[in-house]
Amino acid sequence: MARVECTWLRLRFQEDLLPLIETRMDTATGNEGAKVRAVIATAFGCLDAASITWVANDGKGEIMDLYDECLAAVRGRPAAPTSPETVDGN
């Protein structure tokens, strides 16, 4: 039951974000709801993938770097280094 509640809360949170993201996107071409929902779902999916990977790696590294890598994978380009650890090569 907890998983169902978590899924419901997540979907509700995504719906709450809808108007905030919609105002930042060019939605003049129609199907605004679908496009915005796709962007929000992608961001949440990348957060899930980054979190699962971070936990599988025993919390090593920067979770935001993993998130950036996941977003870059969806975009089809390499992620730019963001944390000082990554930039310094440590």
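This part is about the pattern of salt bridges. Per the stated rule, a full pass over the model turns up one salt bridge. Note that Arg 37 is salt-bridged to Glu 15, the shortest N-O span being 2.8 Å. Residue Arg 37 is located in helix H2 (residues 32-56), and its partner Glu 15 is located in helix H1 (residues 2-22); the two are separated by 22 residues in the primary sequence. Residue Arg 37 is classed as partly exposed on the basis of its relative accessible area, which comes to 37%. With a relative accessible area of 37%, Glu 15 lands in the partly exposed category.

This part is about the environment of Arg 10. The residue Arg 10 is located in helix H1 in this model. Take Arg 10: its relative accessible area is 26%, and that puts it in the partly exposed class. Along the backbone, Arg 10 and Ala 41 are 31 residues apart, and their C-alpha atoms lie at a distance of 9.9 Å.

Let us look at the environment of Lys 35. Looking at where Lys 35 falls in the secondary structure, it is placed in helix H2. Expressed as a C-alpha distance, the spacing of Lys 35 and Met 25, which sit 10 residues apart in the sequence, is 9.1 Å.

Attention now moves to the nonpolar core. Within the largest apolar cluster, six residues are counted, these being Cys 46, Ala 50, Leu 66, Tyr 67, Cys 70 and Leu 71. Among the secondary structure elements, those contributing two or more residues to this core are H2 and helix H3 (63-75). Here this core takes four residues from H3, the largest share from any one element. Those residues in contact with Leu 66 that sit more than four places away from it in its chain are Ala 50, Thr 53 and Trp 54.

Evaluation of the coordinates by the stated rule reveals one aromatic pair. Taken together, a centroid distance of 5.8 Å and an interplanar angle of 80 degrees make the contact between Phe 13 and Phe 44 edge-to-face. Taken as a pair, Phe 13 in helix H1 and Phe 44 in helix H2 lie far apart in primary sequence, 31 residues in all.

Right, let's get into the confidence of the model for the protein. Do not read the predicted coordinates in detail wherever pLDDT is low. With 77% of its residues at a pLDDT of 70 or more, the protein has an overall mean of 82. Across the protein, the element-wise mean pLDDT spans from 53 in helix H4 (residues 84-88) up to 94 in H3.

About the thresholds
Residues numbered from 1 in each chain as written. Predicted model: local features only at pLDDT ≥ 70, side-chain atom pairs only at ≥ 80, totals over all residues. Heavy atoms only, no water. Salt bridge = Lys/Arg side-chain N within 4 Å of Asp/Glu carboxyl O. Helix = DSSP H or I, 4+ residues; strand = E, 2+ residues; numbered from the N terminus. Buried < 20%, exposed > 50% of the residue type's maximum accessible area, 1.4 Å probe, protein only. Core = buried A, V, L, I, M, F, W, Y, C linked by side-chain atoms within 4.5 Å. Contact = heavy atoms within 4.5 Å. Phe/Tyr/Trp six-rings, centres within 6.5 Å; stacked < 30°, edge-to-face > 60°. pLDDT = per-residue confidence, 0-100.

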